[in-house]
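Summary of the model geometry
For reference, the chains in residue letters:
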Amino acid sequence: QVQLVESGGGLVQAGGSLRLSCTASGRTFTFSSHARGWFRQAPGKEREFVAAISWDVVSIYYADSVKGRFAISRDNAKNTVYLQMNNLNAEDTASYYCAAAGTSRELTRGRSDYWGQGTQVTVSS
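Basis of the calculations
- In this numbering scheme, every chain counts its residues from 1 along its sequence in written order.
- Local features in a predicted model are, by the rule used here, given only for residues with pLDDT of at least 70; side-chain atom pairs are given and counted only at 80 or more, and totals for whole chains, interfaces and linings are based on all residues.
- Hydrogens and waters are ignored; side-chain quantities use all the structure's heavy atoms.
- Numbered from the N terminus, helices here are DSSP runs of H or I no shorter than four residues, and strands are runs of E no shorter than two.
- Throughout, the radius of gyration refers to the C-alpha atoms, and the reference size of a globule is 2.2 Å times the residue count to the power 0.38.
- To sort residues, take the accessible area from a 1.4 Å probe on protein chains only and compare it with the maximum for the residue type: under 20% means buried, over 50% means exposed, and anything in between is partly exposed.
- Note on definitions: a residue-residue contact is assigned when non-hydrogen atoms from the two residues lie within 4.5 Å.
- What sets the accessible areas is the Shrake-Rupley method with a 1.4 Å probe; for residues, cover comes only from the shown protein chains.
- For the purpose of charge, His is not counted, nor are the chain termini; Lys and Arg are scored as positive and Asp and Glu as negative.
- Here the site of a charge means NZ on Lys, CZ on Arg, CG on Asp, or CD on Glu.
- Between N or O atoms, a polar contact is any pair within 3.5 Å; within protein, one atom must be a potential hydrogen donor and the other a potential acceptor, and residues adjacent in sequence are included only when both atoms are from side chains.
- Pairing of aromatic rings covers Phe, Tyr and Trp, the last through its six-membered ring, and needs centres within 6.5 Å; plane angles under 30 degrees mean stacked, over 60 mean edge-to-face, and all others mean tilted.
- Whether a charge sits over a ring comes down to the Lys NZ or Arg CZ being within 6 Å of the ring centre and within 35 degrees of the ring normal.

The next thing to look at is the overall build of the protein. Counting its secondary structure elements, the protein contains one helix and 11 strands. Tracing the protein from N to C terminus, the helices and strands come up as β-β-β-β-β-β-β-β-β-α-β-β. By the compact-globule yardstick of 14 Å for 125 residues, the protein fits well, its C-alpha radius of gyration being 13 Å. Principal-axis analysis of the C-alpha atoms places the extent of the protein at approximately 40 × 25 × 25 Å. Considering the protein as a whole, with its 125 residues, one finds that 46% of them fall into the buried category. Restricting to contacts in the protein with at least 6 residues of sequence separation, those with at least 24 account for 58%. If you sum the accessible surface of the protein, you get close to 6400 Å²; carbon and sulfur atoms cover 45% of it. Here the protein contributes 13 positively and 10 negatively charged side chains, and the mean placements of these two sets differ by 3 Å.

Next comes the structure, spelled out in structure tokens:
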């Protein structure tokens, strides 16, 4: 059984920052070779891609809406991926989901082999 567990969500004022973490457990020996990513879903909207990073950190992708404000990183020794979110605004309010797939390109297309349960981020204006 593989699990992705997110943490770090919460309530923050507009202009503030949060750092999300996602740690894999279970058959984690495969995760160092998996691309990792983040998606989000706001109430009444479809889930959307946010960021992805390849297993070797060579390829990194961001949604246009978060470029320059969000940064994805990973620590393979800890089976953990991070999302540093800066200059948050009300449009960033959503549940954020961690994902893992064979390639970062798959993640940009909305495909994932594994999903986390989500962590809520609420930005107050």
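Take the environment of Ile72 next. Looking at the secondary structure, you find Ile72 in strand S7 (residues 70–75). Overall, the relative accessible area of 5% leaves Ile72 in the buried class. Apart from the residues lying within four places of it in its own chain, the contact partners of Ile72 are Arg36, Gly37, Trp38, Ala51, Ala52, Ile53, Ile60, Tyr62, Val81, Tyr82 and Leu83.

Its identity as a non-glycine residue notwithstanding, Val57 has a phi of 65°, on the positive side. Its location among the elements puts Val57 in the loop between strand S5 (48–53) and strand S6 (60–62). Note on Val57: relative accessible area 43%, which makes it partly exposed. Phi at Asn79 is positive, roughly 55°, even though this residue is not glycine. Tracing the sequence through the fold places Asn79 in the loop between S7 and strand S8 (80–85). On the basis of relative accessibility, which here comes to 16%, the residue Asn79 falls in the buried class.

This brings us to the side chain of Arg40. Inspection of the secondary structure assignment puts Arg40 in strand S4 (residues 35–41). Overall, Arg40 belongs to the buried group, its relative accessible area being 5%. A distance of 2.9 Å separates polar atoms of two side chains, one belonging to Arg40 and the other to Asp92. Within the structure, Arg40 has its side chain in polar contact with the side chain of Tyr96 (distance 2.9 Å).

This part is about the packing of aromatic side chains. Tallied over the full model, the rule gives two aromatic pairs. Each residue in the set Phe39, Phe49 and Trp115 is aromatic and connected to the rest through ring pairs, giving one cluster. Lying across the ring of Tyr82, Arg19 places its NZ or CZ 4.0 Å from the centre. Lying over the aromatic face of Tyr97, Arg47 brings its terminal NZ or CZ to 5.8 Å of the ring centre.

Purely geometric stuff here, so don't read any function into it on its own.
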